[in-house]
Amino acid sequence: MQLRDGSAHQEHQPVTVGIAVVQFAPETDPESNLSTLREHVRAAADAGARVVVAPEYSMFAVTRLDERVVAIAQPLDGPFTTGLAALAAEFGVFLVAGVVELPTPGATRISNTLVAHGPDGARVAVYRKVHLYDAFGHLESDVVEPGPLVAPVTFAVDGVVFGMQTCFDLRFPEGCRRVAAAGAHVLLLPAQWIPGPAKVDQWTTLLRARAIENTVYVAAADQCAPRGAGASMIVDPAGTVLAELGDEPGVLTATVDPAHLARVRTANPSLSLRRFTISEAPAAE
């Protein structure tokens, strides 16, 4: 496991928050995935992280979704999310990870869900993926129910506000803008970014663009090879890459500095200068 620190020298500030991104390769055994994740969370906590972000589908991962993902799905009080809560409490961190949620007993489609737990093990946020990966020859909607169009999901750590989006959501700037407009300072983006021609370049370009246009930190946790493209990274509000990985497992760390965020937003007040709002798209007929 590789541990890299992307924290820059910080001036003394009353509140900064250490964040970590976990990159690993989940498989089809939720218990084994939880065990692997535990070692990464331990490394992140040892490096001083208060918020740890793991990939989309950390619970169960295959290259192409099918009936297996429905069969493995669990409710939010199931053993996998209970295990995530225990990890958050054990290491005293806020832990965000992607789970395969069974929305109702007997459901034929699952929810692609991000769950955040706090240092006391309590659930602090739940986000269900809105934009499904019906692209590049994949049809996530065959087995996944799109998330409801609700208010942006956020949670706060020491006054720093974190918002969540998932993987393919990255290609829809209005979704990320809603999160920033709701007050987020940091966008957390777990993913299983499927490998393919130019996909890493698109991923890294879009991550930096979402950071720049919304003046937010972006912490993106991708799965690594073979089912993810890797290239997890942490980006600051000016688009500077603070830490990044290739396609190997590892942990990235960096520091969210509210004073730096304020300086960027003073120099580039794009959020306050915007003249358009985001509205819900009409339903397809």
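Residues numbered from 1 in each chain as written. Predicted model: local features only at pLDDT ≥ 70, side-chain atom pairs only at ≥ 80, totals over all residues. Heavy atoms only, no water.

**Examining the overall build of the protein chain**
- Tallying secondary structure elements over the protein chain gives 7 helices and 13 strands in all.
- In terms of overall size, the protein chain behaves like a compact globule, its C-alpha atoms giving a radius of gyration of 18 Å where 285 residues would be expected to give roughly 19 Å.
- By principal-axis analysis of the C-alpha atoms, the protein chain measures approximately 50 × 50 × 35 Å.
- Looking at the protein chain as a whole, 53% of its 285 residues qualify as buried.
- When contacts within the protein chain are restricted to residue pairs at least 6 apart in sequence, long-range pairs at least 24 apart make up 69% of them.
- Just so you have it, the protein chain exposes about 12,000 Å², and 54% of that area is on carbon and sulfur atoms. (Helix = DSSP H or I, 4+ residues; strand = E, 2+ residues; numbered from the N terminus. Rg over C-alpha atoms; globule rule 2.2 N^0.38 Å. Buried < 20%, exposed > 50% of the residue type's maximum accessible area, 1.4 Å probe, protein only. Contact = heavy atoms within 4.5 Å. Areas by Shrake-Rupley, 256 points an atom, 1.4 Å probe, with all protein chains shown as cover.)

**As for helix H3 (residues 79–91)**
- In a regular helix each residue adds 1.5 Å, so 13 residues correspond to 18 Å; H3 covers 18 Å between its end C-alpha atoms and thus fits that length.
- For H3, the set of buried residues is Phe-80, Thr-81, Gly-83, Leu-84, Ala-85, Leu-87, Ala-88 and Phe-91.
- Where H3 is buried, its residues touch helix H1 (30–46), strand E4 (94–101) and strand E5 (111–117).
- Gly-92, located one to two residues past H3, shows a positive phi value of around 65°. (Expected span 1.5 Å × (residues − 1).)

**Let's talk about the layout of surface pockets**
- Counted as a void, the largest pocket has a volume near 610 Å³.
- Contributing to the lining of the largest pocket are 21 residues, with Val-130, His-131, Leu-149, Glu-280 and Ala-281 lying nearest its centre.
- The leading source of residues in the lining of the largest pocket is helix H4 (residues 173–181), at 4 residues.
- Counted by class, the lining of the largest pocket contains 14 nonpolar, 4 polar and 3 charged residues. (1 Å grid on protein atoms, 1.4 Å probe; cavity = no way out; pocket = protein on both sides within 12 Å on 5 of 7 lines; lining within 4 Å. Points joined across faces, edges and corners; volume = space filled by probe spheres on them. Nonpolar A, V, L, I, M, F, W, Y, C, P; charged D, E, K, R; others polar.)

**Some remarks on H1**
- With 17 residues, H1 ought to run about 24 Å at 1.5 Å a step, and its terminal C-alpha atoms sit 24 Å apart, in line with that.
- Restricting attention to buried positions, one finds in H1 the residues Pro-30, Asn-33, Leu-34, Leu-37, His-40, Val-41, Ala-43, Ala-44 and Ala-45.
- As for H1, its buried residues are in contact with strand E2 (17–23), strand E3 (51–53), helix H2 (67–72), H3, E4 and strand E13 (250–256).
- Here H1 starts with a cap whose side-chain oxygen sits 3.1 Å from the backbone nitrogen of Glu-31, and that cap is Asp-29. (Polar contact = N/O pair within 3.5 Å; in protein donor to acceptor, adjacent residues only side chain to side chain.)

**Thoughts on the pattern of salt bridges**
- A complete count under the given rule lists 10 salt bridges for this structure.
- Among the salt bridges present, the one from Glu-101 reaches Arg-128, with a minimum N-O distance of 2.8 Å. Residue Glu-101 is found in strand E4, and its partner Arg-128 is found in strand E6 (residues 123–128); the two are separated by 27 residues along the sequence.
- The exposure class of Glu-101 is buried, given its relative accessible area of 5%. (Salt bridge = Lys/Arg side-chain N within 4 Å of Asp/Glu carboxyl O.)

**Structural notes on the sheet that holds strand E9 (residues 186–191)**
- Strands sit in the order E7-E8-E9-E10-E11-E12 across an open sheet of 6 strands; the sheet is mixed. Both edges of this open sheet fall to strand E7 (154–157) and strand E12 (241–244), since each of them pairs with a single strand only. Each adjacent strand pair in this sheet contributes to an overall mean axis angle of 20°, direction not counted.
- Note: strand E11 (residues 233–235) against E12, 3 bridges, orientation antiparallel. Bridging across to E12, Ile-234 finds its partner in Ala-243.
- Across the face of the sheet, helix H5 (residues 199–214) comes into contact with E9, strand E10 (217–222), E11 and E12 while running at roughly 155° to E10. (Pairing = 2+ DSSP bridges. Axes fitted to C-alpha atoms, helices over the stretch in contact; angles between N-to-C directions.)

**Remarks on the side chain of Arg-227**
- Inspection of the secondary structure puts Arg-227 in the loop between E10 and E11.
- With no salt bridge to any partner, buried Arg-227 finds its closest opposite charge in Glu-27, at an N-O distance of 4.3 Å.
- One polar contact links the side chain of Arg-227 to the main-chain carbonyl oxygen of Pro-26, over a distance of 2.9 Å.
- Apart from residues lying up to four places away in sequence, Arg-227 is in contact with Ala-25, Pro-26, Glu-27, Ala-61, Val-62, Thr-63, Gln-192, Trp-193, Ile-194 and Pro-195. (Lys, Arg positive; Asp, Glu negative; His and termini not counted.)

**Here's the deal with the packing of aromatic side chains**
- Evaluation of the coordinates by the stated rule reveals 6 aromatic pairs.
- Positioned over the ring face of Phe-136 is Lys-199, at 4.7 Å from the centre of the ring. (Phe/Tyr/Trp six-rings, centres within 6.5 Å; stacked < 30°, edge-to-face > 60°. Lys NZ or Arg CZ within 6 Å of the ring centre and 35° of its normal.)

**As for unusual backbone geometry**
- Following Ala-225, the chain continues to Pro-226 via a peptide bond in cis, the omega torsion being 15°.
- If you trace the backbone, Pro-226 turns up in the loop between E10 and E11.
- A positive phi is found at Tyr-57, a non-glycine position, where the angle reads about 55°.
- Take Tyr-57: it is sitting in the loop between E3 and H2.
- Exposure remark for Tyr-57: the relative accessible area of 3% places this residue in the buried category.
- Even without being glycine, Phe-136 reaches a positive phi, approximately 50°.

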